[in-house]
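If you want the building blocks of each chain, they are given just below.
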Amino acid sequence: MARLRFNCLILVGTLSALLHSAVSLSLSPKYLVSHKQPVLKSPVQAPTPLSTPDAVLEDWISHERVFAFNQILANIGPNGANATGTAPGCILASPSKYAPNYFYQWVRDGAITISSLIEQWEKGRWPLNEEQRILDDLLQIFLNYVDMQGKLQATNNPSGGYYSGGLGEPKFEVNGSPFVRSWGRPQRDGPALRASAIVAFLNAAHNTRPDLLHNQALLRKLYTNQLPANSIIKADLEYVSHAWHERGFDAWEEIEGFHFFTAMVQYRALAEGQSLALKFNDPGASAWYEQQRNELGRFLWRFWDSRKGHLISTLDDTRRSGLNCDLLLGSIHGDGKVFPPWSDEVLATLEKLVKAMEKLHPDVNGQRRGVPKPVGMGRYAEDVYDGVGFTGGNAWFICTSSAAQVIYSSITEFVARHRKLVVNDVNRGFFELVNPELAAFKGSEVGMYDQDGLFNATMKWMFEYADGFVDLVKRHATPQGRMAEQFDTWSGKQHGAQDLTWSYGSFISAMEKRDSAKAMVWA
């Protein structure tokens, strides 16, 4: 396969985003039919939000999406420009081989990357003269990924074998052989994310390449109802359903325990597995996955600390505050039903995480108007990893894009929810952050078309606030558009692994959510 490169503008607006534009904020004013409490008028008057999105940022986003897409492809073996000598289906974490060496394939990073590419495969709009080539080449990447993951599952490694814990091994060499040196293992998020990524591939194929669903050899490779499991998705689901209540290392590979991010992606995998098992005539497994999902759903509420007013990253971790970027990532990669981005608990957590980052990674050169200044989002306030050593943490591109994505997703949900939101004791801090006028609306529904257009203005302020995080990404990417792992808001310099695949993937995913939010806020 020739190395895939896409040099034209990616037009990724989705059909759903276009349909949502029909119910955008530009409709003629109405009054909200009912309120739990009367809508109060706040004495605080916020500035007027922009009438259209930032044109300069819009232009950069359109170009960066193309660049980020191509950089992801460059990090995928065997034909990627940065992946020379790697096996087919290998997804590099980064081409960096020294200070630091990220020239490996992580199960977690690979699954998240493939998920973002599947979204492009299904929803992307391509120039007609290139569309078929791009879709075919992406399909080959997915098939190579599936083959590689089957090989990794069957490879004995320091975490164990196929049936003895080896699926929890976090990273492998670029040729698929085990990484045998000391590491934070096992990591129990990888099998869940891999299962969800391949389920997403099957779902996308239903609309994009339905002929694949008649390929019995491929389907047997992905799921059979046999036990012991001998297919990729089934093996991962069995691992997740039996190991979710066991301790493992977190997404940053630093702490052993029970982690919000891991539990969230496990919950999603079990929910998807329940449905998939029925389609593959495996009702016993479906019932088992449902039972385990329900138990895990109850367990997830242990991560909500009502005293602190935010979610905590790791249970019983007394060394840190519990505020962590992986809380946002867990919400983003969850199933959208338990602690979704727009939930009170996640928005409250985002607001407190932003405050924790204000002094560490402030936007020292930003010129954003009106809305509060965004901040560079690091992993957690106590972080000291600088990308090579341990002199002090920096902001991360992954985390900063994810903060924007949480807000964009929330806008879409609030507008779709009959264009109203509720300000309460849990989420009040977030809404006062984006629009001080909401300070007087504690416990009240704020309707979109109330007398002073408060909902309308709040959605636009939220959009501008999210755009502020994207603007930070823009100003700390290189002029060409390159993103490393980290950036220093004080010096403007990048740090850590170069061309981090997850940095590009998180940006592309956030921009997909931006498309939907933009269509709703500005028709």
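See above for the structure.
Because the structure is predicted, anything quoted here is derived from the model rather than measured.

Engineer: Describe the sheet that holds strand 10 (residues 486-487), listing the residues and the values that go with them.
Structural biologist: Taken in spatial order, the 3 strands of this open sheet run 7-10-11, and their pairing is antiparallel. The two strands at the open ends of the sheet, each matched to only one other strand, are strand 7 (395-396) and strand 11 (494-495). In this sheet, strand 11 lies alongside strand 10 in antiparallel orientation, the contact comprising 2 bridges. The residue of strand 11 that forms the bridge with Phe 487 is Gln 494.

Engineer: Give a description of the pattern of salt bridges that names residues and reports values.
Structural biologist: Per the stated rule, a full pass over the model turns up 30 salt bridges. Among the charged side chains, a salt-bridge network with shared partners connects Glu 58, Asp 467, Arg 514 and Lys 518.

Engineer: Give me the state of the cysteines: which residues, what numbers.
Structural biologist: The final tally for this structure, using the stated rule, is 1 disulfide. Disulfide partner of Cys 325: Cys 399, at an S-S distance of 2.4 Å. Of note, the bridge from Cys 325 to Cys 399 carries an S-S torsion of about -105° and is left-handed in sense. Separated by 74 residues along the polypeptide, Cys 325 in helix 10 (residues 325-332) and Cys 399 in helix 12 (residues 397-416) bring together distant segments of the chain. Overall, the relative accessible area of 0% leaves Cys 325 in the buried class. Of the residues examined, Cys 399 reaches a relative accessible area of 0% and is grouped as buried.

Engineer: Run through the environment of Ile 61, naming residues and quoting values.
Structural biologist: Looking at where Ile 61 falls in the secondary structure, it is placed in helix 2 (residues 55-74). In the structure, Ile 61 is positioned 446 residues away from Phe 507 in sequence and 9.5 Å away in space, judged by C-alpha atoms. Ignoring any residue separated from it by four or fewer positions in sequence, one finds Ile 61 in contact with Val 470, Phe 507, Met 511 and Arg 514.

Engineer: Tell me about helix 12, residues and numbers included.
Structural biologist: Between the first and last C-alpha of helix 12 there are 29 Å, a value that for 20 residues agrees with the 28 Å anticipated at 1.5 Å per step. Burial runs high along helix 12: 18 of the 20 residues are buried.

Engineer: Residues and numbers for the packing of aromatic side chains, please.
Structural biologist: In this description, a pair of aromatic rings is defined by centroid distance and the angle of the planes. Applying the stated criterion across every chain yields a total of 26 aromatic pairs. On the numbers, 5.3 Å between centres and 80° between planes, the contact of Trp 121 with Phe 142 is edge-to-face. Taken together, the residues Trp 121 in helix 3 (residues 107-123) and Phe 142 in helix 4 (residues 128-153) connect sequence positions 21 residues apart. The exposure class assigned to Trp 121 is buried, which follows from its relative accessible area of 2%. Judged by relative accessible area, which is 2%, Phe 142 ranks as buried. Ring geometry for Phe 414 and Phe 431: centres 5.9 Å apart, planes at 50°, overall tilted. In this pair, Phe 414 is assigned in helix 12 and Phe 431 in helix 13 (residues 428-434), connecting sequence segments 17 residues apart. Residues Phe 414 and Phe 431 agree in their burial class; the two are buried. What links up through ring pairs into an aromatic cluster is the set Trp 244, Phe 258, Phe 260, Phe 299, Trp 301, Phe 303 and Phe 339. Its end group placed over the ring of Tyr 380, Arg 320 keeps NZ or CZ at 3.8 Å from the ring centre.

Engineer: Summarise the environment of Lys 513; cite the residues concerned and give the values.
Structural biologist: Along the polypeptide, Lys 513 turns up in helix 15 (residues 501-521). Judged by its relative accessible area of 32%, Lys 513 falls in the partly exposed class. Remark: the alpha-carbon pair of Lys 513 and Ile 407, spanning 106 residues in sequence, is separated by 9.0 Å. In this view, Lys 513 contacts Gln 405, Tyr 408, Ser 409 and Thr 412; residues no more than four positions away in its chain are not counted.

Engineer: Give a description of unusual backbone geometry that names residues and reports values.
Structural biologist: For the bond running from Ala 99 to Pro 100, omega is 5°, close enough to zero to count as cis. By secondary structure assignment, the location of Pro 100 is in the loop between helix 2 and strand 1 (105-106). With an omega dihedral of 0°, the bond running from Leu 227 to Pro 228 counts as a cis peptide bond. Structurally, Pro 228 is set in the loop between helix 6 (216-222) and helix 7 (232-243). Of note in the backbone geometry, Asn 281 takes a positive phi value of approximately 55° without being a glycine. You can call Asn 281 exposed: its relative accessible area is 58%. One non-glycine residue, Asp 316, lies in positive phi territory at about 60°. With respect to the secondary-structure elements, Asp 316 resides in the loop between strand 6 (310-311) and helix 10.

Engineer: Which residues make up the nonpolar core, and what are the values?
Structural biologist: Counting 136 residues, the largest nonpolar core has Trp 121, Ile 233, Met 377 and Phe 431 as its most contacted members. In terms of residues, this core owes the most to one element, helix 12, which gives 11 residues. Excluding residues within four positions of it along the chain, Trp 121 makes contact with Leu 135, Leu 138, Leu 139, Phe 142, Phe 201, Ala 204, Ala 205, Thr 208, Arg 209 and Leu 212. Counting 10 residues, the second-largest nonpolar core is a separate cluster that includes Ala 83, Phe 103, Val 107 and Val 174.

Engineer: Please give an account of the packing of helix 8 (residues 260-279) against helix 9 (residues 283-300) that cites residues and values.
Structural biologist: Between helix 8 and helix 9, whose axes approach to 8 Å, the crossing angle comes to 155°. Looking at the two axes, helix 8 sits roughly antiparallel to helix 9. When the axes of helix 8 and helix 9 are compared, the crossing they make is left-handed. For the pair helix 8 and helix 9, the contacting residues are Phe 260, Ala 263, Met 264, Gln 266, Tyr 267, Leu 270, Ala 271, Gly 273, Gln 274, Ala 277 and Leu 278 in the first and Pro 283, Ala 285, Ser 286, Tyr 289, Glu 290, Gln 292, Arg 293, Leu 296, Gly 297 and Leu 300 in the second. Considered class by class, the residues forming the contact of helix 8 with helix 9 number 13 nonpolar, 6 polar and 2 charged.

Engineer: I'd love a proper account of helix 9, names of residues and values included.
Structural biologist: The first and last C-alpha atoms of helix 9 sit 25 Å apart over 18 residues, in line with the 26 Å expected at 1.5 Å per residue. Of all the residues in helix 9, the buried ones are Ala 285, Ser 286, Tyr 289, Gln 292, Arg 293, Leu 296, Gly 297, Phe 299 and Leu 300. For helix 9, the angular spread of buried residues about the axis comes to 150°, placing them on one side. Exposed and oriented more than 90 degrees from the buried face of helix 9 are Pro 283, Gly 284 and Arg 298. Tucked inside the fold, the buried residues of helix 9 contact helix 7, helix 8 and strand 5 (304-305).

Reading the values: the criteria
Residues numbered from 1 in each chain as written. Predicted model: local features only at pLDDT ≥ 70, side-chain atom pairs only at ≥ 80, totals over all residues. Heavy atoms only, no water. Pairing = 2+ DSSP bridges. Helix = DSSP H or I, 4+ residues; strand = E, 2+ residues; numbered from the N terminus. Salt bridge = Lys/Arg side-chain N within 4 Å of Asp/Glu carboxyl O. Disulfide = S-S within 2.5 Å. Buried < 20%, exposed > 50% of the residue type's maximum accessible area, 1.4 Å probe, protein only. Contact = heavy atoms within 4.5 Å. Expected span 1.5 Å × (residues − 1). Phe/Tyr/Trp six-rings, centres within 6.5 Å; stacked < 30°, edge-to-face > 60°. Lys NZ or Arg CZ within 6 Å of the ring centre and 35° of its normal. Core = buried A, V, L, I, M, F, W, Y, C linked by side-chain atoms within 4.5 Å. Axes fitted to C-alpha atoms, helices over the stretch in contact; angles between N-to-C directions. Parallel < 35°, antiparallel > 145°, perpendicular 65-115°, else oblique. Left-handed = near helix turned anticlockwise from the far one by under 90°. Nonpolar A, V, L, I, M, F, W, Y, C, P; charged D, E, K, R; others polar. Arc of directions from axis to C-beta.

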